[in-house]
Amino acid sequence: MAKNVDKLLELLAQAYPEARTELQFRSPFELLVATILSAQTTDRQVNRVTPLLFQHYPTPYALAAADPEDVAKDIAGVGLNRTKARYLVAAARKLVSDFGGSVPDSLDSLLTLPGVGRKTAKVVLANAFSRPALAVDTHVFRVARRLGLSQGRTPEEVERDLEAKIPSTHWIVTHHRLIQHGRRVCRARNPRCGECPLATECTAFLQKTQPKAGRKVENNLA
DNA sequence: ATCCCGAGGG
DNA sequence: CCCTCTGGAT
């Protein structure tokens, strides 16, 4: 079993050698903002709006003083922009009031910020503070389960399994590799198993192509 | 048409 | 557990 995990991680590394965040940022504050924006949107869309946004609001203090409606205009083009604009201003105010105007580097503190949930907090920890963190989003959840890395029913359970099976030094890069694989190949619907470099080690693929006798073939990998 | 590199609130 | 926010991608 551990052998299988090693093989999967090796194949993942070969397929996505330089996986990393595509978000553009120069400080923990910028990454926090970009990560909050990235929910339900592509990094590409986020990177399109952040330069002007950071020009207008370069610090938590500037953003805390902003009108959410003005912020919403700057981030038009990313989904959920009004909701996110409210989160951003509220989070900036909390940074100022509770954290001396800087981004905290602990999970519990990050989770107190409006608009910051477990996934966002872990992405900030990993990419802004180089802390081992394995954020389980929808892609990681689905891909990890298909590959057989976890049978967890909740993101927390999958997170626990992955953290147990993967050395902490590899959490960040593995997170990004699983996401890229989930987007490009191991899609939610119509996964491209035919071009998947992990197929030979994939639990879901093996069950699909070699179904147990007397059992109906699942046409949907899940 | 349907779905997201989510989170807050009912 | 469900819904909503909101716009681009497939």
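Residues numbered from 1 in each chain as written. Chains lettered and ligands numbered in written order. Predicted model: local features only at pLDDT ≥ 70, side-chain atom pairs only at ≥ 80, totals over all residues. Heavy atoms only, no water.

### Side note on the protein's contact with DNA strand B
Working step 1: The environment of DNA strand B is formed by 21 residues, the closest being Ala39, Gln40, Thr120, His139 and Arg189.
Working step 2: Measuring from a base nitrogen of DNA strand B, one finds a side-chain N or O atom of aspartate 43 at 3.5 Å.
Working step 3: A distance of 3.1 Å separates a sugar or linking oxygen of DNA strand B from a polar atom in the side chain of tyrosine 87.
Working step 4: Secondary-structure elements contributing two or more residues to the surface near DNA strand B are helix H8 (118-129), helix H9 (138-147) and helix H11 (171-184).
Working step 5: Here the surface near DNA strand B is built from residues that sort into 8 nonpolar, 7 polar and 6 charged. (Near = heavy atom within 4 Å. Polar contact = N/O pair within 3.5 Å; in protein donor to acceptor, adjacent residues only side chain to side chain. Helix = DSSP H or I, 4+ residues; strand = E, 2+ residues; numbered from the N terminus. Nonpolar A, V, L, I, M, F, W, Y, C, P; charged D, E, K, R; others polar.)

### Here we look at helix H10 (residues 155-165)
Working step 1: When H10 is considered as a whole, its buried residues turn out to be Val158, Glu159, Asp161 and Leu162. The buried residues of H10 all sit within an arc of 165° when viewed along its axis, so they share a single face. Those residues of H10 that are exposed and angled more than 90 degrees off the buried face are Arg160 and Ala164.
Working step 2: Of the surrounding secondary structure, the elements contacted by the buried residues of H10 are H8, H9 and H11. (Buried < 20%, exposed > 50% of the residue type's maximum accessible area, 1.4 Å probe, protein only. Arc of directions from axis to C-beta. Contact = heavy atoms within 4.5 Å.)

### Looking at the environment of valine 33
Working step 1: With respect to the secondary-structure elements, valine 33 resides in helix H2 (residues 28-37).
Working step 2: Residue valine 33 is classed as buried on the basis of its relative accessible area, which comes to 4%.
Working step 3: Once the C-alpha coordinates of valine 33 and threonine 50 are considered, the two residues, 17 residues apart in sequence, prove to be 8.5 Å apart.
Working step 4: When near neighbours in sequence (up to four residues on either side) are disregarded, valine 33 contacts Leu53, Phe54, Leu63 and Leu88.

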